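Chain by chain, the residues run as shown.
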Amino acid sequence: MKRNRLNVNIAGLQLANPTILASGILGYSVATLQSIVEGGAGAVITKSVGLKPRQGYANPTVVQTKCGLINAMGLPNPGIDEFVNEIREAKTVLDVPLIVSVYGFSEEEYALAAKKAAGAGADALELNVSCPHVKETGSEIGQNSEILAEVVRKAKAAVSKPVFVKLAPNVTDIAEIAETAARAGADAITAINTVKAMAIDAETAMPILSNKKGGLSGQAIKPIAVRCVYEVYERVKIPIIGCGGVTDWRDAVEFLLAGASAVQIGTAIATKGPNVFKTVSSGVNTYLKRKGFRSVKEIVGLSHRN
Ligand SMILES: Cc1cc2nc3c(=O)[nH]c(=O)nc-3n(C[C@H](O)[C@H](O)[C@H](O)COP(=O)(O)O)c2cc1C
């Protein structure tokens, strides 16, 4: 990898730049992941995959609002035994770290899915303990300290790759939950998943999503995500990956200043296309140069100084 001021190291993963594809926005295919790498992403995260295949919810699963998307996909996925083939293929094609997002309905399920993903070549795992719209997984796990700690411990014991834990904003104290994850051995925290939300159709007088409630993403949630990263940074020493509403370089810089070591981008791909990764990192590079910084690392958490 060519050395430059955009290089970052997250829990041992070397990234050419601090932009990462967020989980779930683009499905599973290796071709779409490759298009995101060509668009300039420093790493990619797959859609969340569990032990068994899941259909997900009936349509509509996504609704566009004035300020972002609300989705309740219901974690559709082919199941890890099928998905390992995609992971193996992706590893032969992609020249950036491949992070596989996993979920489960028990500690054992998270650990087994993580183990199979790592065995197929995943460079790191992201535990989705923050999906706001599927019962008995996701945020129900991420809100319960004891279960969360056990999920992280078991996943760590099952793999020798870095384990990231993706947290939900829909909690009273995200920093406390991050601390629980860090104590249990998490190598990094991703903050945040979507914010619980819903939309109602005035004509039919009914909720629009088939699942009624979903998770809001996009620009509207960025200030919430920045606040979460800021709070988590004050409590844990492990790296934080900011996620939520990153659309341009200023958003990315804001997350870095709040304490993130990198950012994930999801919803902005829908409006800006895959090149959003290049545009964001080249803007961050120009900012660093203009301000006289030699690396991304120099601005991580800079807004916390007194
Ligand atoms: C259509 C859609 C599907 C998503 N699927 C997943 C998923 O499978 N796993 C996960 O951890 N997050 C999932 N997310 C959440 C995103 O990874 C991200 O946390 C969120 O969208 C905020 O970032 P953004 O504003 O840049 O999109 C999904 C988001 C969207 C919009």
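Above this text is the structure in question.
Residues numbered from 1 in each chain as written. Predicted model: local features only at pLDDT ≥ 70, side-chain atom pairs only at ≥ 80, totals over all residues. Heavy atoms only, no water.

Peer 1: Could you clarify how one ought to interpret the packing of helix α5 (residues 145-158) against helix α6 (residues 174-183) in this entry?
Peer 2: Angle between the axes and distance between the axes: these two values describe a pair of packed helices. Two elements in contact, α5 and α6, have axes separated by 8 Å at closest approach and are oriented at 35 degrees. With respect to the hand of their crossing, α5 and α6 are arranged in right-handed fashion. Within the contact between the two elements, α5 uses Ser145, Leu148, Ala149 and Val152 and α6 uses Ile177, Thr180 and Ala181. (Axes fitted to C-alpha atoms, helices over the stretch in contact; angles between N-to-C directions. Helix = DSSP H or I, 4+ residues; strand = E, 2+ residues; numbered from the N terminus. Left-handed = near helix turned anticlockwise from the far one by under 90°. Contact = heavy atoms within 4.5 Å.)

Peer 1: What exactly am I supposed to notice about the sheet that holds strand β3 (residues 19-21) here?
Peer 2: Neighbouring strands of a sheet are bound in pairs by backbone hydrogen bonds; such pairs are parallel or else antiparallel. Sheet architecture is closed into a barrel: eight strands sit in the order β3-β4-β7-β8-β9-β10-β15-β16, paired in parallel fashion. Neighbour to neighbour, the strand axes of the sheet diverge by 25 degrees on average, direction disregarded. Bridge count for strand β8 (residues 124-128) against strand β9 (residues 163-167) is four bridges, and the pairing is parallel. What sits directly across from leucine 125, in β9, is valine 163. Packed onto the sheet, helix α10 (residues 276-291) meets β3 and β16 (262-265) and runs at close to 160 degrees relative to β3. (Pairing = 2+ DSSP bridges.)

Peer 1: When you look at the packing of aromatic side chains in this model, what are you seeing that I'm missing?
Peer 2: The geometry of two aromatic rings is summed up by the distance between their centres and the angle between their planes. Under the definition given, this model contains two aromatic pairs. Here the aromatic rings of tyrosine 103 and phenylalanine 105 are separated by 5.9 Å at their centres, their planes lie at 85 degrees, and the arrangement is edge-to-face. A residue is classified by how much of its surface remains accessible, and tyrosine 103, at 2% relative accessible area, is buried. Aromatic pair tryptophan 249 and tyrosine 287: ring centres 5.7 Å apart, planes at 35 degrees, arrangement tilted. In this pair, tryptophan 249 sits in helix α8 (residues 249-258) while tyrosine 287 sits in helix α10, placing the two residues 38 residues apart along the sequence. (Phe/Tyr/Trp six-rings, centres within 6.5 Å; stacked < 30°, edge-to-face > 60°. Buried < 20%, exposed > 50% of the residue type's maximum accessible area, 1.4 Å probe, protein only.)

Peer 1: Hey, could you run me through α5 in this one?
Peer 2: Side chains of residues three or four places apart in an α-helix project in the same direction, reflecting 3.6 residues per turn. With 14 residues, α5 should cover 20 Å at 1.5 Å per step; its first-to-last C-alpha distance of 20 Å lies within 8% of that length. Looking at α5, one finds that the buried residues are Leu148, Ala149, Val151, Val152 and Ala155. Each buried residue of α5 lies within a common arc of 160 degrees when the element is viewed along its axis, so the set occupies one face. Summarising the geometry of α5, the exposed residues directed more than 90 degrees from the buried face are Glu146 and Ala157. For α5, the N-terminal capping position is held by asparagine 144, with its side-chain oxygen 3.1 Å away from the main-chain nitrogen of glutamate 146. (Expected span 1.5 Å × (residues − 1). Arc of directions from axis to C-beta. Polar contact = N/O pair within 3.5 Å; in protein donor to acceptor, adjacent residues only side chain to side chain.)

Peer 1: For this particular structure, what's the right way to read the layout of surface pockets?
Peer 2: In this structure, the largest pocket spans a volume of roughly 570 Å³. Taken together, 33 residues line the largest pocket, and the ones lying closest to its centre are Ser23, Gly24, Ile25, Asn71 and Thr194. Those elements giving two or more residues to the lining of the largest pocket turn out to be β6 (68-71), β16 and α9 (268-272). Ranked by the residues each element gives to the lining of the largest pocket, the list is headed by α9, at three residues. (1 Å grid on protein atoms, 1.4 Å probe; cavity = no way out; pocket = protein on both sides within 12 Å on 5 of 7 lines; lining within 4 Å. Points joined across faces, edges and corners; volume = space filled by probe spheres on them.)

Peer 1: What's the story with the site of the ligand in this structure? I'm lost.
Peer 2: Inspection of the region around the ligand gives 21 residues, with Ser23, Ser48, Lys166, Gly245 and Thr267 positioned closest. Note that an oxygen atom of the ligand is positioned 3.0 Å from one of the backbone N or O atoms of glycine 266. About the coverage of the ligand: the protein hides 95% of its 610 Å² of free accessible area. In this structure, the ligand is accommodated by the largest pocket. Classifying every residue of the shell around the ligand gives six nonpolar, 13 polar and two charged. (Near = heavy atom within 4 Å. Areas by Shrake-Rupley, 256 points an atom, 1.4 Å probe, with all protein chains shown as cover. Sits in = over half its atoms within 2 Å of the grid points. Nonpolar A, V, L, I, M, F, W, Y, C, P; charged D, E, K, R; others polar.)

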